[in-house]
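# Architecture at a glance
Spelled out from the first residue to the last, the chains are:
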Amino acid sequence: MAGFCAAVAAARHGARTCLVQDRPDFGGNSSSEVRVTPHGAAAFHVYAKETGIISELLIEERARNHEVIFENGWTNSVWDMVMYDLAVRTPNLTFHLNTSIADIRKSNEHRIEAVIGVIANAETTLELSGDIFIDCTGDGIVADLAGCEWHRGSESREEYGEPHAPLRASGDVMGSSLLFKTVNTGAPAPFEAPEWAAKLDNPDFSTRKAGGRTMCAERISLSYGGRQWE
């Protein structure tokens, strides 16, 4: 969403802008592929609301979408289409989907002259020149290719004076999540894992210590229609 909003804002201010996305949909984590909705502060405070371009998109999505609820985990492809429609309708904005940035070209030590992308399944290389490049990728790919310094993992509490940071620095990063819906069918629904599925029999894989706490993935909780399972 940061990259999408930056591209739309730049184009609206008259800059000839190109938006590059490595997936078939806009929105990153908020797209229907991942489904982490962007309403942010509005979900936790009755007088708070996301504003600007995000607010425009949310209002348009509510006007078009037949779904009653728009909350975490419920995003569908109407949200993707709302963003796609805005990108198409915005003057000065072009875009390339399914395109990953693989390299950059620099005019000098401190200036990027162009980025080189690869269009998936098309066997096509794309070179985009520009004056300003905004890297909104989750991994900071352009910044890394340009030689910028970066840090991976969790910094210590004293490094930046963050009271909720761990006492010691580590290489820990955020884990992946699997988001899914459950439906009460009124009858048992057995599941048989495929033969190739990884067997996580080692308890050290699901139990670890983080920030002085022991975290365990032996139990999950599901709730549906007022009922809860563990």
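For the structure, check the block above.
Structural notes, computed from the coordinates. Being a predicted model, the structure only gives us computed values, none of them experimental.

Along its length, the protein carries six helices and nine strands. Relative to its full complement of 230 residues, the protein shows a buried share of 23%. Considering only intrachain contacts with a sequence separation of at least 6, the fraction spanning at least 24 residues in the protein is 45%. As presented, the protein carries roughly 17,100 Å² of accessible surface, and 53% of it is formed by carbon and sulfur atoms.

Another point: the packing of helix α2 (residues 52-64) against helix α3 (residues 77-89). Axis separation between α2 and α3 bottoms out at 9 Å; the angle between their running directions is 125°. What the angle tells us is that α2 and α3 run oblique. Crossing geometry of α2 relative to α3 is assigned as right-handed. Of the residues in α3, those in contact with Ile53, Leu57, Leu58, Glu60, Glu61 and Arg64 of α2 are Val78, Trp79, Met81, Val82, Met83, Asp85 and Leu86. Within the contact of α2 with α3, the residues separate by chemical class into nine nonpolar, no polar and four charged.

What follows concerns the pattern of salt bridges. Between side chains of opposite charge, pairing is possible as soon as their charged atoms come close. Scanning all chains against the criterion turns up eight salt bridges. Here arginine 12 and glutamate 56 are joined by a salt bridge, their closest N and O atoms 2.8 Å apart. Linking arginine 12 in helix α1 (residues 2-12) with glutamate 56 in helix α2, this pair joins segments that are 44 residues apart in sequence. Among the salt bridges present, the one from arginine 89 reaches aspartate 85, with a minimum N-O distance of 2.7 Å. Separated by four residues within a single helix, arginine 89 and aspartate 85 lie in helix α3, roughly one turn from each other. Each of Glu60, Arg64, Asp85 and Arg89 takes part in a single network of salt bridges with overlapping partners.

Basis of the calculations
- Residues numbered from 1 in each chain as written.
- Predicted model: local features only at pLDDT ≥ 70, side-chain atom pairs only at ≥ 80, totals over all residues.
- Heavy atoms only, no water.
- Helix = DSSP H or I, 4+ residues; strand = E, 2+ residues; numbered from the N terminus.
- Buried < 20%, exposed > 50% of the residue type's maximum accessible area, 1.4 Å probe, protein only.
- Contact = heavy atoms within 4.5 Å.
- Areas by Shrake-Rupley, 256 points an atom, 1.4 Å probe, with all protein chains shown as cover.
- Axes fitted to C-alpha atoms, helices over the stretch in contact; angles between N-to-C directions.
- Parallel < 35°, antiparallel > 145°, perpendicular 65-115°, else oblique.
- Left-handed = near helix turned anticlockwise from the far one by under 90°.
- Nonpolar A, V, L, I, M, F, W, Y, C, P; charged D, E, K, R; others polar.
- Salt bridge = Lys/Arg side-chain N within 4 Å of Asp/Glu carboxyl O.

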